[in-house]
Number of protein chains: 2
Amino acid sequence: MSQNLTIDTDRLWASIIETAKFGGTAKGGIRRLALSAEDAQVRDWFSAACEAVGCTVTSDAMGSMFARRPGRNPNMPPIAIGSHLDTQPTGGKFDGVIGVLAGLEILRRLHEAGIETEAPIEVINWTNEEGARYAPAMLASGVFAGVFSLDYGHSRTDRDGVRFDTAMDGIGARGTAPLGHKLSAHFELHIEQGPILEEEGKAIGVVRGVQSIRWYEATLSGSDGHAGATPMRLRKDALLGTARVIEAVNRVARAYAPDAVGTVGLIESKPNSRNVVPGEVFFSIDLRHPEDATLAEMDVMLRDAITEIAAADGLGLVLEETWNAPAVHFDAQCRARIAAAADAFGYGHREIVSGAGHDSAYINRVAPTAMIFVPCAGGLSHNEAESATQADVAAGANVLLHAVLATDRALAEANS
Amino acid sequence: MSQNLTIDTDRLWASIIETAKFGGTAKGGIRRLALSAEDAQVRDWFSAACEAVGCTVTSDAMGSMFARRPGRNPNMPPIAIGSHLDTQPTGGKFDGVIGVLAGLEILRRLHEAGIETEAPIEVINWTNEEGARYAPAMLASGVFAGVFSLDYGHSRTDRDGVRFDTAMDGIGARGTAPLGHKLSAHFELHIEQGPILEEEGKAIGVVRGVQSIRWYEATLSGSDGHAGATPMRLRKDALLGTARVIEAVNRVARAYAPDAVGTVGLIESKPNSRNVVPGEVFFSIDLRHPEDATLAEMDVMLRDAITEIAAADGLGLVLEETWNAPAVHFDAQCRARIAAAADAFGYGHREIVSGAGHDSAYINRVAPTAMIFVPCAGGLSHNEAESATQADVAAGANVLLHAVLATDRALAEANS
């Protein structure tokens, strides 16, 4: 009955456009930081839309939202479709959003087609995936999967010193759903955020896993001084030292080309005044590589470089590794169902490794998990100009739908 | 009668300590940005203190304050003692402050000694000397001296977009005193903000002039991208480009050692998120050298370097020179009176060139002007740990007092 089912492309696209107004920017992007007023708006919208097709929406102690459509077998753990509705400060309309809204579209389609699945279907909006407001990224899925403690999650602070739990309660996002309930499987549709699918003309990426990631926070401390009256020989310029570290991060990534990447994304210089030699700079470092062992080598090279720069410039150094996510390998059965669905529709597909972290990377620890990538223009993401075609998003959503249905059939057979 | 007059060292020190509470920081410094609530507090305090010793306090259209003590000859332009009460975001207790409060101490001493001068004595608090909130620095003295138009002064905006005139009216600092009234002379006592006097054990610096200064604002534009999924080869990282410019600014200053200095003091990276390749960075550059011709060479070297970096990294560049202050040479007579006063007290002194800009640099264009420097610990300034001894500040105030009195005697003789 459900073999020929497809999602409603126009309705899915309309919900992407409609929700893009919550935090919408002049340049066509979205600024919807986790647990902000804009995040509250999209959460309310999502909740109402799911309830309208007969779902029950609950939240857990990290504010993650679970919209559950009942199955024939109420004791069977749900098949989850999860991603996130928060964005970067100047994010696009697709990153995270299409994963949740494709899930909503699937709930709507199953509802109007009157299809009863064996397992419940649960569409999940994971809180604070981006890590833009609260580091580390994928915080709530990490707590769900037991990677972080609930206390750790609640006590994260943003750059203004506001705790996660304070912000969560500020928008009423905290719920009472038990933390970390069992899932039969977890599927996530996402834009690639890289150039490969577009370059090769493939509609679907079957994601093999996620590369290894390490995050660091560094503070270099020198001495504030008058920019006119402090001779160069007497300076301890923390920003000059930081400039040298930024160059070193680039050098480390280039040394492990073409797969390694290295980024200084966040920088705060003090006192940040035109005529004062900067006395203190705080900054982040992000290093990634598909192989854990290679990333460990990069870590050593980075630490050596920073230590040497600080010593040579007479600067104090505090360097802390704040996140270490080993490489992730997704479930083979889930990946096979994605590939089979793509084949059934005649979509071109290939295996691919995710350069970005995703909630699925943590959920993979507690449930069979896999991801579907669709192309985005120019590989551009975390950018207001982020763009994906209606056809590609629809293709991804159809593959998602049929990977879920195939999983449900397998569960029903195993249970019969 | 007034030859043996000295200021009250303890009272001067007490007023430095008392006013340091307006914007006082935990580390013993001051955060008192121009036209802020803290600035309003110190302005009220200063006004009341001057009125208590019989002075009339007025303000001009830039909010600069003039506390006038009448002389025998009401038609004679006043002898001015000027500096500033605003500070850097993490400034110290001495920069600017001692120049104004030594002036107040002189008003008090003349008042209690019942001394009548020929010319009026006017103690001036120039608005927004630091340039920390409103660029360029020395904004109000620049308008007073006709270097900038009043419209230009009023229309400067801080980094939050608040106009100067809006902030001025917000604390009621605008006055109706005619802009740019005539001064018979202008003296300014200031900490050196460099290491020379301390290293040589001299109490007094007779300032020959101020070095040449240029300020720039630069924006490098690349492209926001996902830190995990954007390959190094496809990046246009504006922060990496900025790091290279910071290194180049350092190289330009070192190429003209030992007198040249170069600083990137202000940096704002967008979107400033851990996992986004920075797409746009705004930053300031400050270059200085005692000779105009040398600074012009440095300007060429800097522009070549930035242009080359932007082109090599595929970044857009907007580079604007926002301030160009030629080298300043102070009045020979005023300097001689400072040296003579230092000799009379037996204070060691030397000629010195100011590395920092000062209100006196602009006032020198419209009135005979000179400055007195006193040592500060380690040459440290624009720093909460900025420090000067009570004895050195008192020595500077005594020299200031007698340079003013000598100027008054010369005016009286010329007028008789």
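Residues numbered from 1 in each chain as written. Chains lettered and ligands numbered in written order. Predicted model: local features only at pLDDT ≥ 70, side-chain atom pairs only at ≥ 80, totals over all residues. Heavy atoms only, no water.

A. Summary view of the relation of the copies chain A and chain B. Rotating chain A by 180 degrees and moving it 0.1 Å along the rotation axis overlays it on chain B with an RMSD of 0.1 Å. What the superposition gives is, in effect, a two-fold axis relating one chain to the other. If distances are taken from each C-alpha of chain A to the rotation axis, the shortest is found for A:A243, at 2.1 Å. By residue overlap, the copies meet face to face through one surface: 98% of the interface positions of chain A are interface positions in chain B. (Least-squares fit on C-alpha atoms with pLDDT ≥ 70 in both. Contact = heavy atoms within 4.5 Å.)

B. Broad picture of the pattern of salt bridges. As enumerated under the stated definition, the model contains 48 salt bridges over all chains in all. Between A:E351 and A:R208 there is a salt bridge, with its nearest N and O atoms 3.6 Å apart. Placement of the pair is A:E351 in strand 15 (residues 349-354) and A:R208 in strand 6 (residues 204-210), with a sequence separation of 143 residues. Relative accessible area serves as the criterion here: at 36%, A:E351 is assigned to the partly exposed category. A residue is classified by how much of its surface remains accessible, and A:R208, at 38% relative accessible area, is partly exposed. The residue B:R303 makes a salt bridge to B:E321 at a minimum N-O spacing of 3.9 Å. Linking B:R303 in helix 9 (residues 292-312) with B:E321 in strand 13 (residues 316-325), this pair joins segments that are 18 residues apart in sequence. Classification of B:R303 as partly exposed rests on a relative accessible area of 29%. The class for B:E321 is partly exposed, based on a relative accessible area of 28%. (Salt bridge = Lys/Arg side-chain N within 4 Å of Asp/Glu carboxyl O. Helix = DSSP H or I, 4+ residues; strand = E, 2+ residues; numbered from the N terminus. Buried < 20%, exposed > 50% of the residue type's maximum accessible area, 1.4 Å probe, protein only.)

C. Layout of unusual backbone geometry. Of the consecutive residues A:K270 and A:P271, the connecting peptide bond is found in the cis state with omega at 0 degrees. Mapping A:P271 onto the fold places it in the loop between strand 10 (267-270) and strand 11 (276-277). Of note, the bond from B:A257 into B:P258 is cis; its omega dihedral lies within 30 degrees of zero at 0 degrees. Of note, B:P258 is situated in the loop between helix 8 (238-255) and strand 9 (261-263). Positive phi is not limited to glycine here, since A:H382 has a value of about 50 degrees. Here A:H382 shows up in the loop between strand 16 (369-374) and helix 12 (390-415). Its identity is not glycine, yet B:M138 carries a phi of approximately 55 degrees, on the positive side. Topologically, B:M138 is positioned in the loop between strand 4 (121-125) and helix 4 (139-144). Owing to a relative accessible area of 3%, B:M138 belongs among the buried residues under this scheme.

D. The packing of aromatic side chains, seen in detail. A full pass over the atoms with the stated rule returns 18 aromatic pairs over all chains. Measuring from centroid to centroid gives 5.8 Å for A:W13 and A:F94, while their planes differ by 35 degrees, and the two rings are tilted. Separated by 81 residues along the polypeptide, A:W13 in helix 1 (residues 9-19) and A:F94 in the loop between strand 3 (79-83) and helix 3 (97-113) bring together distant segments of the chain. Note on B:Y134 and B:F164: the rings are 5.4 Å apart at their centroids and 70 degrees apart in plane angle, and the pair reads as edge-to-face. Residue B:Y134 is located in the loop between strand 4 and helix 4, and its partner B:F164 is located in helix 6 (residues 164-170); the two are separated by 30 residues in the primary sequence. Exposure remark for B:F164: the relative accessible area of 0% places this residue in the buried category. Following the ring pairs from residue to residue traces out a cluster consisting of A:F66, A:W126 and A:F144. A cation over an aromatic ring shows up here: B:R156 above the ring of B:Y152, its NZ or CZ 3.8 Å from the ring centre. (Phe/Tyr/Trp six-rings, centres within 6.5 Å; stacked < 30°, edge-to-face > 60°. Lys NZ or Arg CZ within 6 Å of the ring centre and 35° of its normal.)

E. Inspection of the interface of chain A and chain B at higher detail. Facing 65 residues of chain A, the contacting portion of chain B comprises 64 residues. It is A:H226, A:M232 and A:R274 in chain A that bury the most area against chain B; as a group they hold 16% of the surface buried on that side. Ionic pairing is found between A:E199 and B:R233, a salt bridge with its closest N-O pair at 3.9 Å. Within the residue set of the side of chain A that touches chain B, elements represented by two or more residues are strand 7 (212-221), strand 8 (225-226), helix 8 (238-255), strand 9 (261-263), strand 10, strand 11 and strand 12 (280-289) of chain A. Ranked by residues supplied to the side of chain A that touches chain B, first place goes to helix 8 of chain A with nine residues. Taken together, the residues that form the side of chain A that touches chain B break down as 27 nonpolar, 24 polar and 14 charged. (Buried area = accessible area lost by both parts, 1.4 Å probe. Nonpolar A, V, L, I, M, F, W, Y, C, P; charged D, E, K, R; others polar.)

F. Seen up close, the side chain of A:N383. Examined against the element boundaries, A:N383 turns out to sit in the loop between strand 16 and helix 12. A polar atom in the side chain of A:N383 sits 2.8 Å from the backbone nitrogen of A:A385. Apart from the residues lying within four places of it in its own chain, the contact partners of A:N383 are A:T90, A:G91, A:G92, B:S223 and B:D224. (Polar contact = N/O pair within 3.5 Å; in protein donor to acceptor, adjacent residues only side chain to side chain.)

G. Layout of the packing of helix 8 of chain B against helix 9 of chain B. All names here are of chain B. At a closest axis distance of 10 Å, the pairing of helix 8 and helix 9 adopts a crossing angle of 155 degrees. With respect to each other, helix 8 and helix 9 are oriented roughly antiparallel. Read as a crossing pair, helix 8 and helix 9 show a hand that is right-handed. Here G241, R244, V245, A248, V249, R251, V252, A253 and A255 of helix 8 come into contact with helix 9, specifically with M298, M301, L302, A305, I306 and I309. In terms of residue class, the contact of helix 8 with helix 9 is built from twelve nonpolar, one polar and two charged. (Axes fitted to C-alpha atoms, helices over the stretch in contact; angles between N-to-C directions. Parallel < 35°, antiparallel > 145°, perpendicular 65-115°, else oblique. Left-handed = near helix turned anticlockwise from the far one by under 90°.)

H. Examining the environment of B:A49 more closely. Residues and elements named next belong to chain B. Here A49 lies in helix 2 (residues 37-51). For A49, a relative accessible area of 10% puts it in the buried group. Note: C-alpha distance between A49 and V399 (350 residues apart in sequence) is 22 Å. Apart from the residues within four sequence positions on either side, A49 is in contact with L104 and R108.

I. Just the domain arrangement of chain A, in detail. Residue and element names in this part refer to chain A. Assigned domains of chain A: these are domain 1 (9-210 + 328-415) and domain 2 (212-325). Summarising the inter-unit geometry, the C-alpha centres of domain 1 and domain 2 are found 33 Å apart. The partner domain 2 presents nine residues to the twelve residues of domain 1 that form the contact. Taken together, the two surfaces of domain 1 and domain 2 that pack against each other cover about 810 Å², and 57% of this comes from carbon and sulfur. On the surface where domain 1 and domain 2 come into contact, there are one salt bridge. Salt-bridge contacts for R159 lead to E268; the nearest nitrogen and oxygen are separated by 2.4 Å. (Domains from an automatic or database assignment.)

J. Broad picture of the pairing of strand 10 of chain A. Residue and element names in this part refer to chain A. Burial along strand 10 is one-sided: the face carrying I267 and S269 is buried and the face carrying E268 and K270 is not. In this structure, strand 10 lies alongside strand 12, joined through four bridges in antiparallel fashion. The partner of K270 across the bridge, within strand 12, is E280. (Pairing = 2+ DSSP bridges.)

K. Representation of helix 10 (residues 332-345) of chain B within the structure. Residues and elements named next belong to chain B. The end-to-end C-alpha separation of helix 10 is 20 Å, in line with the 20 Å expected for 14 residues at 1.5 Å each. Turning to helix 10, its buried residues number three or more, namely C334, R335, R337, I338, A339, A341 and A342. The secondary structure elements touched by the buried residues of helix 10 are strand 5 (185-191), strand 6 (204-210), strand 15 (349-354), strand 16 (369-374) and helix 12 (390-415). By the N-cap criterion, in which a side-chain oxygen at the helix start approaches the backbone nitrogen of a residue two or three places on, helix 10 is capped by D331, the distance to Q333 being 3.2 Å. Following helix 10 by one or two positions, G346 adopts a phi angle in the positive range, close to 75 degrees. (Expected span 1.5 Å × (residues − 1).)

L. Expanded view of the confidence of the model for chain A. Here chain A shows a mean pLDDT of 96. Residues at 70 or above account for 99%. Model confidence for the complex is summarised by a pTM of 0.78, with the ipTM given as 0.79. (pLDDT = per-residue confidence, 0-100.)

M. Up close: the packing of helix 1 of chain A against helix 3 of chain A. Residue and element names in this part refer to chain A. Running from N to C, helix 1 and helix 3 point in directions that differ by 135 degrees, and their axes come no closer than 10 Å. As far as their axial angle goes, helix 3 and helix 1 are oblique. The element helix 1 and its partner helix 3 pack so that their crossing is right-handed. Here R11, L12, S15, I16 and T19 of helix 1 lie close against helix 3, whose contacting residues are V97, I98, L101, A102, E105, R108, R109 and E112. When its residues are assigned to classes, the contact of helix 1 with helix 3 shows six nonpolar, two polar and five charged.

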